[in-house]
Amino acid sequence: MSVLKKVFQKIDGYRDEIITLQTELTSRVALGPKNKGTGEHEKARYLRDCLEALQPDDLQEIKAPDTQAEDGYRPNLVTRWYTGDKIGPTVWVLSHMDIVPPGDLSLWETDPYQIKVDGDKIIGRGVEDNQHGLISSYLGLKAILASGIAPGRPLGLALVADEETGSEYGLDYLLKNHKELFRPDDLIIVPDGGNEEGTMIEVAEKSMLWLKCTVTGRQCHASMPEKGNNSLYGAARLIVALEKLKEAFDQEDDMFSPPMSTFEPTKMEANVPNVNTIPGKDVFYMDCRILPRYPNREVIAFVEDISRKLAKELNLSISVEPHYQQDAPDPTPADAPVVRALEKAVKMVKGLDAKPMGIGGGTVAAFFRKAGLPAAVWITTQDSAHQPNEYCLISDIISDAKVFACLYLDQYH
Ligand SMILES: [Zn+2]
């Protein structure tokens, strides 16, 4: 029997093991202090035992100091298998241990921390985000070792804290304090995003820019509008005027979905409580996702220019300020070794052509890219992360474990 067939057969037999791991991990609630929890410690202790069972060459627990967390730190587990070659590029898979809170419990059909298995489906908080990626990358390696085979190249599994609330005590901490762990020729995979077919390899993201627009006029009785100056009318005119952003920044890039920059008015703050008052102040926000080719400051300058003209026309005062912004890091090249290796492995396991793509923004891979490390985000996902009744498919975990096994074995593709 071929080596790959042997390993795949092992993985096909992991249904019960997947259910056990999902049960144990989901019951160890890993919420960071910003989500009113104490950290990932209990889950990390359980996972440490799982990793030790695979006899790594090196297992470090890197403690990121966090005074709000249990014992004053957040745990990060970094595990390596050298396979006789410490020097060569390492295949890294970085998953996160923390979860988001379940939210409104009345929207859940089950206890979020007690998994429910329904045929191929596993339901519970964290089963997809990020236990799907964590378990599939772990079982891919376990199957290789259990088949008595050595991986084809050095491997690393990193299980980090604090992905859901900014990564200050997770990946960002590792990159700032243990930069030597990762090297630019490593193949770095973040199994925390993708599509239902498992054909999307995320290599780029748009810049994010959230703008706060404040329109100030003068409040007055609605029966005598000439005595005031209506800020809601001003805000409405500004929202319509900002449609011009779409023409001014209209270039497209087919790697992204959608291919153009997006500019959407979203949140509106409450103004007056009653109908018969003309409001004197209105605040609304724009969510802009901008192709990396346009610097955020160009967009801000454009919005300021439109605001200035409109303020003059309507005799209002308008201020525009960034509420949050993040310039997109340079994308991982579409022909980077990690992308090529993923394409080959997906083809081998699923018979499908995976493609490098860009998204609207916001994955932990951006930290790698900013540090000059080419990372790819990939997984087969039902995209139920952060939602009530979060679920994953056992068959997806099995297929993804096979893809990871192909990556680890290297010489078989
Ligand atoms: Zn996640």
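Residues numbered from 1 in each chain as written. Predicted model: local features only at pLDDT ≥ 70, side-chain atom pairs only at ≥ 80, totals over all residues. Heavy atoms only, no water.

*Asks:* I'm lost on the overall build of the protein chain in this one. Help?
*Replies:* Summing up its helical and strand segments, the protein chain has 11 helices and 17 strands in all. Along the longest, intermediate and shortest principal axes, the C-alpha atoms of the protein chain span 85 × 45 × 40 Å. The buried share among the 413 residues of the protein chain stands at 54%. In the protein chain, the proportion of contacts linking residues at least 24 apart, taken out of those at least 6 apart, comes to 79%. Looking at the protein chain as shown, the accessible area adds up to about 18,100 Å², and 50% of this sits on carbon and sulfur atoms. Each charge sign in the protein chain was given a centre, from 45 positive and 62 negative side chains, and these centres are 2 Å apart. (Helix = DSSP H or I, 4+ residues; strand = E, 2+ residues; numbered from the N terminus. Buried < 20%, exposed > 50% of the residue type's maximum accessible area, 1.4 Å probe, protein only. Contact = heavy atoms within 4.5 Å. Areas by Shrake-Rupley, 256 points an atom, 1.4 Å probe, with all protein chains shown as cover. Lys, Arg positive; Asp, Glu negative; His and termini not counted. Charge placed at Lys NZ, Arg CZ, Asp CG, Glu CD.)

*Asks:* Would you mind showing me how to read the layout of surface pockets here?
*Replies:* Summary: where empty space remains is shown by rolling a probe the size of a single water molecule over the atoms. The computed volume of the largest pocket comes to approximately 940 Å³. Along its surface, the largest pocket is lined by 43 residues, and Glu163, Gly361, Gly362, Thr363 and Val364 are the ones closest to its centre. Its residues assigned to classes, the lining of the largest pocket shows 16 nonpolar, 15 polar and 12 charged. (1 Å grid on protein atoms, 1.4 Å probe; cavity = no way out; pocket = protein on both sides within 12 Å on 5 of 7 lines; lining within 4 Å. Points joined across faces, edges and corners; volume = space filled by probe spheres on them. Nonpolar A, V, L, I, M, F, W, Y, C, P; charged D, E, K, R; others polar.)

*Asks:* How should helix α2 (residues 15-27) be read in this particular structure?
*Replies:* Side chains of residues three or four places apart in an α-helix project in the same direction, reflecting 3.6 residues per turn. Taking 1.5 Å per residue, 13 residues should reach 18 Å; α2 reaches 18 Å between its end C-alpha atoms and fits that length. Residues of α2 that are buried: Ile18, Ile19, Leu21, Gln22, Leu25 and Thr26. Seen along its axis, α2 keeps its buried residues to an arc of 165°; they face one direction. Elements that come into contact with the buried residues of α2 comprise α3 (41-52), β4 (116-118), β5 (121-123), α4 (131-146), β17 (391-393) and α11 (394-409). (Expected span 1.5 Å × (residues − 1). Arc of directions from axis to C-beta.)

*Asks:* Would you explain the sheet that holds strand β13 (residues 281-290) in this entry?
*Replies:* Spatial strand order, β11-β13-β9-β14: 4 strands in an open sheet with antiparallel pairing. Two strands close off the open sheet at either side, each with one partner strand: β11 (262-268) and β14 (317-326). Taking the axes of each pair of neighbouring strands and ignoring which way they run, one obtains an average angle of 25° across the sheet. Of the strands in this sheet, β9 (207-216), β11, β13 and β14 are in contact with helix α6 (residues 231-241), which crosses β13 at around 15°. Strands β9, β11, β13 and β14 of the sheet are contacted by helix α8 (residues 296-314), whose axis makes an angle of about 165° with β14. (Pairing = 2+ DSSP bridges. Axes fitted to C-alpha atoms, helices over the stretch in contact; angles between N-to-C directions.)

*Asks:* Quick question: what am I supposed to make of the packing of aromatic side chains here?
*Replies:* Here a ring pair, both rings aromatic, is described through the centre-centre distance and the interplanar angle of the planes. On inspection of all chains with the given rule, the structure shows 8 aromatic pairs. Aromatic pair Trp210 and Tyr324: ring centres 5.2 Å apart, planes at 50°, arrangement tilted. Of the two residues, Trp210 is situated in strand β9 and Tyr324 in strand β14; the sequence distance between them amounts to 114 residues. Since its relative accessible area comes to 31%, Trp210 is described here as partly exposed. Grouped by ring-pair contacts, the aromatic residues Phe249, Phe263, Tyr294 and Phe302 constitute a single cluster. Sitting over the face of the ring of Tyr73, Lys63 holds its NZ or CZ atom 4.7 Å from the ring centroid. (Phe/Tyr/Trp six-rings, centres within 6.5 Å; stacked < 30°, edge-to-face > 60°. Lys NZ or Arg CZ within 6 Å of the ring centre and 35° of its normal.)

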